[in-house]
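The primary structure of each chain is shown beneath.
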Amino acid sequence: MTYNMQNTLLYVENLSVAYGDKVIIKDVNLVEKDVVREGHITGQVIAVVGRSGRGKSTLFKALTGLVKPTSGKVLIADTQTGAENDAKEVQEGDIGFVDQKYTLFRNKTVYETMQFALRRKEMTTEEKHSQIMQYLKDWGLENEKDQYPCELSGGQRQRTAVIEQIFCSGHYMVLDEPFSGLDVGNIEDVKKAFDLITASHEFNTIIYSTHDIELAVELADSVYVIGYPTIEGERMDYGTIVKHFDMKEIGLAWKDYGLDHIEVVKQIKEVMLAS
């Protein structure tokens, strides 16, 4: 499928994070650009996979500005300026972050949560109401608007948390293990949510981690494997990107899952086991 790459949306250079003397991730480099396909609005879907304890969560905290890198930098496109290729160093709040618990205000209804998320946006009350109701309709949450988190299913809580972060932060969204512990129906809900996010703006970029390699290969157009690198025959004890699978380049992005995807899954698992 033909596509071309335009503005750089995410630029990570020599990123390292240490807690005291313990280096968690080191020398992480990646560049993701705006993918443009004629006749489609195409947001970016980036998967990060790797064995437990290899630094995925630390990488996500650095990407979202929740922890300050020990060295290196994370830049995102500054979409507010309107100028091409303007970049800014990421700050907390620039990138939406949905953790595995789908943390929500216990004392706010779904609708009140959305109102709070839009509190800093320069919109009239009517515009905010209209936007909230449109999103709730698109995301199948219209009937739950007056419910509290304790009254929602896991899938509904997750969708609420995702919309809240979209309202707060704009084009970038990081999801830590969005498929973890969900049943088949809820997994389908998350896939639909991904489609809704990526089909609503060219710049919309989802970065997610998963232990389900099949779901990484099925949904992402770019898959990064984080693991312990081997340097001069010795395995290091910090995480870094050990392999990048560009599903666009391979010709498998935006295609139904098939035998070629299964082959990539095998390759990813081999890289993970070796790292």
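Rules of the game
Residues numbered from 1 in each chain as written. Predicted model: local features only at pLDDT ≥ 70, side-chain atom pairs only at ≥ 80, totals over all residues. Heavy atoms only, no water. Axes fitted to C-alpha atoms, helices over the stretch in contact; angles between N-to-C directions. Helix = DSSP H or I, 4+ residues; strand = E, 2+ residues; numbered from the N terminus. Parallel < 35°, antiparallel > 145°, perpendicular 65-115°, else oblique. Left-handed = near helix turned anticlockwise from the far one by under 90°. Contact = heavy atoms within 4.5 Å. Buried < 20%, exposed > 50% of the residue type's maximum accessible area, 1.4 Å probe, protein only. Polar contact = N/O pair within 3.5 Å; in protein donor to acceptor, adjacent residues only side chain to side chain. Expected span 1.5 Å × (residues − 1). Arc of directions from axis to C-beta. Domains from an automatic or database assignment. Salt bridge = Lys/Arg side-chain N within 4 Å of Asp/Glu carboxyl O. Patch = residues over 30% accessible without salt bridge, like charges linked within 9 Å, V, L, I, M, F, W, Y side chains within 5 Å. Areas by Shrake-Rupley, 256 points an atom, 1.4 Å probe, with all protein chains shown as cover. Pairing = 2+ DSSP bridges.

Turning next to the packing of helix α2 (residues 110–117) against helix α4 (residues 154–169). The N-to-C vectors of α2 and α4 enclose an angle of 20°; their axes lie 8 Å apart at closest approach. As far as their axial angle goes, α4 and α2 are roughly parallel. Classified by chirality, the crossing of α4 by α2 is right-handed. Contacts between α2 and α4 pair V110, T113, M114 and A117 from the former with T160, I163, E164, F167 and C168 from the latter.

A word on the side chain of T240. Its location among the elements puts T240 in strand β12 (residues 240–246). On the accessibility criterion, T240 (8% relative accessible area) is buried. Within the structure, T240 has its side chain in polar contact with the backbone oxygen of K26 (distance 2.7 Å). Residue contacts for T240: discarding those within four places in its chain leaves K26, D27, V28, V225, I226, G227 and P229.

Here we come to helix α3 (residues 125–138). Taking 1.5 Å per residue as the helical rise, α3 with its 14 residues ought to reach 20 Å, and the 20 Å between its terminal C-alpha atoms agrees with that figure. Of the residues making up α3, those classed as buried are K128, I132, M133 and L136. Down the axis of α3, the sector holding all buried residues measures 125°, keeping them to one side. For α3, the exposed residues lying more than 90 degrees away from the buried face are E126 and K137. The elements touched by buried residues of α3 are α2 and α4. Where α3 ends, the next residue or the one after it, G140, has phi of about 65°, a positive value.

Within the fold, I268 resides in helix α8 (residues 259–273). Residues I268 and S130, 138 residues apart in the sequence, show an inter-C-alpha distance of 44 Å. Apart from the residues lying within four places of it in its own chain, the contact partners of I268 are V49, I213, V217, V223, V225 and F245.

Considered domain by domain, the protein chain is made up of domain 1 (4–95 + 171–273) and domain 2 (105–168). With eleven residues of domain 1 in contact, the opposing surface of domain 2 contributes nine residues. Run the count over domain 1 and domain 2 and you get zero salt bridges. In this structure, the connection of domain 1 to domain 2 is made through one residue pair in polar contact (both at pLDDT 80 or more).

With that out of the way, let us pick up a nonpolar patch on the surface. On the surface, a cluster of nonpolar side chains totalling about 310 Å² of accessible area is made up of Y257, L259 and I262. Within the secondary structure, Y257 sits in the loop between α7 (247–250) and α8.

Turning to the sheet that holds strand β6 (residues 96–98), a few remarks are in order. Taken together, the six strands give an open sheet; going across it, the order is β6-β7-β8-β3-β9-β12, and neighbouring strands pair in mixed fashion. Here the strands that pair on one side only, and so sit at the sheet edges, are β6 and β12. In this sheet, neighbouring strand axes are inclined to one another by 20° on average, regardless of whether the strands run parallel or antiparallel. Looking at chain direction, strand β9 (residues 222–227) and β12 are connected through six bridges and run antiparallel. Counterpart to I226 in the pairing with β12 is I241. With respect to the sheet, helix α1 (residues 56–63) is in contact with β3 (44–49), β6, β7 (172–175), β8 (205–209) and β9, its orientation differing from that of β8 by roughly 155°. With respect to the sheet, α8 is in contact with β3, β9 and β12, its orientation differing from that of β12 by roughly 170°.

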